[in-house]
Amino acid sequence: MNWLRPLAAGGCRLPFGGQHLAPSYALRAFAAHPQNQVAEGVVKLQQPKPQLGTDEGKKNFILKTPKGTRDYSPKQTAIREKVLNTIISCFKRHGAEVIDTPVFELKDFDIAGQFDPMIPDAECLKIVHEILNMLQLGDFLIKVNDRRILNGVFAVCGIPDSLFRSTCSTVDKLNKATWEDVKSEMVGEKGLSPEAVDRIGEYIQLQGGLGLIEQLLQDTKLSQNKLAQEGLGDMKLLFEYLTLFGIADKISFDLSLARGLDYYTGVIYEAILLQPQNAHKEEPVSVGSVAGGGRYDGLVGMFDPKGWKVPCVGVSIGIERIFSIIEQEVEASKEKIRTTETQVLVATPQKNFLDVRLKLISELWDSGIKAEMLYKKNPKLLNQLQYCEDMGIPLAAIIGEQELKNGIVKLRVVASREEVVIPRENLVEEIRKRVES
């Protein structure tokens, strides 16, 4: 499915899935759950050929796991659902609406249309900041750059246009390699002169904020390059908006960032974790970036028969990497993850009370309460309460002979073991009050 916001003033309509829609904002979702994969028809049943000596009237089916897919345990599924809900809630908060589309491997948020400079770009960065904060992945930094600035830097340093792409791919290695290694590759493999590489190094090792942008705007070499001046002007405006959003301290203008410049036309960004999420292991977990994106004004026109050019900016959230980080942290910390949303267990301390439990749990279900009970006629109370603790169920509604006679229910808070007596007619209201507080 995709997430869209209704067409805003100044926006445009894009050809999408054979129809012209209004994707001011878009989220491409992937089949995160096995049931989604089944609904898409990727689980196939195969019937073996009849063999001699077998009963051909009996049909045996073999359930095959689709290639490229895997099953997830209840704990893994719970983690994934929480992450996805966090991302989706953020997109909805920014005005998104959902439509049904094919599935992908990333969560994307895109803004398409002709708008004033850097306003939608700033909102994309704000969304990344919100999501990473809500997921509590640890300290992070969002690097930003602009293709026009890199174009200008390469031009004033004497790099020909024909070597732009290969030079970018080498520059992008600075986040993992030393400058000496990058310089050696530029000279030895790319064929650049040592003098040109040294000039590049003066720029691409710079990182900072508004101060660095102001410095480069006064640079005598870059001031002669139109593209560089345009990019730096927009970068300054972007940081002014990010300051108003209150997130500029998490944004770094990094001239070494050169991701995906084959189709990005302006601002590019990448979010990285500054510290390993898994503090319980000696070896840090290397996961690379957890989000990235930028402006791609020329991409839509490549897929439109009329070559219609539509300004676009967007961001992709690396959910598989995020899943991996959180799952490893949970395993290391032995944290208990709730795999259900059950709010209350209906329990009894007495035998032959199955009919009473069934009637009470039915009342709770009909009132929208998420409730469970053990599938035994006469379960021991200790086992019922232990089940609550094991499954993280916060409340137990206990009803016995005396409670039934007096029209009350004992409501037990599992964590504190506190018990309060509630009139049966007030039970639903009391449960809601406690689970929503």
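All chains use their own residue numbering, which begins from 1 and follows the written sequence. Selection of residues for local features in this predicted model requires a pLDDT of at least 70, selection of side-chain atom pairs for listing and counting requires 80 or more, and totals for whole chains, interfaces and linings are taken over all residues. Calculation of side-chain values draws on the structure's entire complement of heavy atoms; hydrogens and water are dropped beforehand.

J.: Would you mind going over the pairing of strand S16 (residues 395-398) with me for this structure?
T.: Side-chain direction in a regular strand flips from residue to residue, so the side chains alternate between the two faces of the sheet. Whether a residue is buried, partly exposed or exposed follows from its accessible area with a 1.4 Å probe, protein chains only, as a fraction of its type maximum: under 20%, in between, or over 50%, in that order. The helix count covers DSSP runs of H or I at least four residues long, the strand count covers runs of E at least two residues long, and both are numbered beginning at the N terminus. Side chains Leu395 and Ala397 of S16 all project onto a buried face; the interleaved residues Ala396 and Ile398 project onto the opposite face, where all are buried too. In this structure, strand S14 (residues 344-347) lies alongside S16, joined through 4 bridges in parallel fashion. Each bridged residue has a counterpart across the sheet, and for Leu345 the counterpart in S16 is Ala396. By definition, two strands form a pair when at least two bridges between them are found by DSSP. Bridge count for S16 against strand S17 (residues 408-413) is 4 bridges, and the pairing is antiparallel.

J.: Can you help me understand the sheet that holds strand S18 (residues 418-423) in this one?
T.: Note: strands within a sheet are paired through backbone hydrogen bonds, in either parallel or antiparallel orientation. The 5 strands lie next to each other as S15-S14-S16-S17-S18, forming an open sheet whose pairing is mixed. Each edge of the sheet is formed by a strand with only one pairing partner; in this case those strands are strand S15 (371-372) and S18. Note on contacts: a residue pair qualifies if any of its non-hydrogen atoms lie within 4.5 Å across the two residues. To obtain each axis, a line is fitted to C-alpha atoms, and for helices this fit is confined to the stretch in contact; angles are then taken between N-to-C directions over 0 to 180 degrees. Sitting on the sheet, helix H12 (residues 354-366) touches S14, S15 and S17, and the angle it makes with S14 is about 155 degrees. Against the sheet, helix H15 (residues 427-436) contacts S14, S16, S17 and S18, and its axis sits at roughly 10 degrees relative to S17.

J.: Help me out: how do you make sense of the nonpolar core in this one?
T.: Taken as a class, soluble globular proteins show a tendency for nonpolar side chains to be buried jointly. Counting 71 residues, the largest nonpolar core has Phe154, Phe253 and Tyr269 as its most contacted members. Looking at which element gives the most residues to this core, the answer is helix H3 (residues 119-135), with 8 residues. Note on terminology: a nonpolar core comprises buried Ala, Val, Leu, Ile, Met, Phe, Trp, Tyr and Cys residues joined through side-chain atoms within 4.5 Å. By size, the runner-up hydrophobic cluster in this structure holds 21 residues, among which are Val346, Leu360, Val413 and Val420.

J.: What is the right way to look at the pattern of salt bridges in this model?
T.: Any carboxyl oxygen of Asp or Glu that lies within 4 Å of a side-chain nitrogen of Lys or Arg is treated as forming a salt bridge with it. One pass over the full model with this rule turns up 21 salt bridges. Its salt-bridge partner being Asp146, residue Arg148 comes within 2.8 Å of it at the nearest N-O pair. Using a relative accessible area of 0% as the deciding quantity, one classes Asp146 as buried. One salt bridge connects Arg417 with Glu389, and the closest N-O pair in it is separated by 3.7 Å. Linking Arg417 in the loop between S17 and S18 with Glu389 in helix H13 (residues 381-391), this pair joins segments that are 28 residues apart in sequence. Using a relative accessible area of 55% as the deciding quantity, one classes Arg417 as exposed.

J.: How should helix H11 (residues 319-333) be read in this particular structure?
T.: Quick reminder: α-helices carry 3.6 residues per turn. Residues three or four places apart thus point the same way. Compared with the 21 Å implied by 1.5 Å per residue over 15 residues, the 21 Å span of H11 between its first and last C-alpha is a close match. Among the residues of H11, those classed as buried are Ile319, Ile322, Phe323, Ile325, Ile326, Glu327, Glu329 and Val330. Among the structural elements, helix H2 (74-93), strand S7 (107-112), H3, strand S11 (267-273), strand S12 (289-295) and strand S13 (312-317) are those in contact with the buried residues of H11. Directly beyond the C-terminal end of H11, a positive phi value near 60 degrees is found at Lys334. A helix is expected to reach a length of 1.5 Å times the quantity of its residues less one.

J.: Quick question: what am I supposed to make of unusual backbone geometry here?
T.: Among all residues except glycine, the phi angle is most often negative; among peptide bonds, the trans geometry is most common. With phi around 70 degrees, Met118 is a residue other than glycine that occupies positive phi space. With a phi angle near 55 degrees, Gln136 is a residue other than glycine that sits in the positive phi range. One can find Gln136 in the loop between H3 and strand S8 (140-146). Accessibility expressed as a relative area gives 64% for Gln136, which makes it exposed.

J.: I would appreciate a short explanation of the packing of aromatic side chains in the present structure.
T.: Here a Phe, Tyr or Trp ring, Trp counted by its six-membered ring, pairs with any other such ring whose centre lies within 6.5 Å, and the pair is stacked when the planes are under 30 degrees apart, edge-to-face when over 60, and tilted otherwise. Summed over all chains, the structure comprises 2 aromatic pairs. Ring plane angle 40 degrees and centroid distance 5.0 Å describe the contact between Phe91 and Phe109, whose orientation is recorded as tilted. In this pair, Phe91 sits in helix H2 while Phe109 sits in strand S7, placing the two residues 18 residues apart along the sequence. Taking relative accessible area as the criterion, Phe91 reaches 0% and is therefore assigned buried. The buried category is assigned to Phe109, whose relative accessible area is 1%. Lysine and arginine charges are scored as sitting over a ring when NZ or CZ, respectively, is within 6 Å of the ring centre and within 35 degrees of the ring normal. Above the plane of the ring of Phe140 lies Lys250, whose end atom (NZ or CZ) is 5.0 Å from the centre.

J.: Would you take a moment to explain the environment of Leu374 for this structure?
T.: Looking at the secondary structure, you find Leu374 in the loop between S15 and H13. By relative accessible area, Leu374 is classed as buried at 16%. As a C-alpha pair, Leu374 and Tyr387 span 13 residues in sequence and 8.6 Å in three-dimensional space. When residues no more than four places from it in sequence are discounted, the contact partners of Leu374 are Leu345, Arg357, Pro379, Asn383, Gln384 and Tyr387.

Nothing here speaks to function; it is all geometry.
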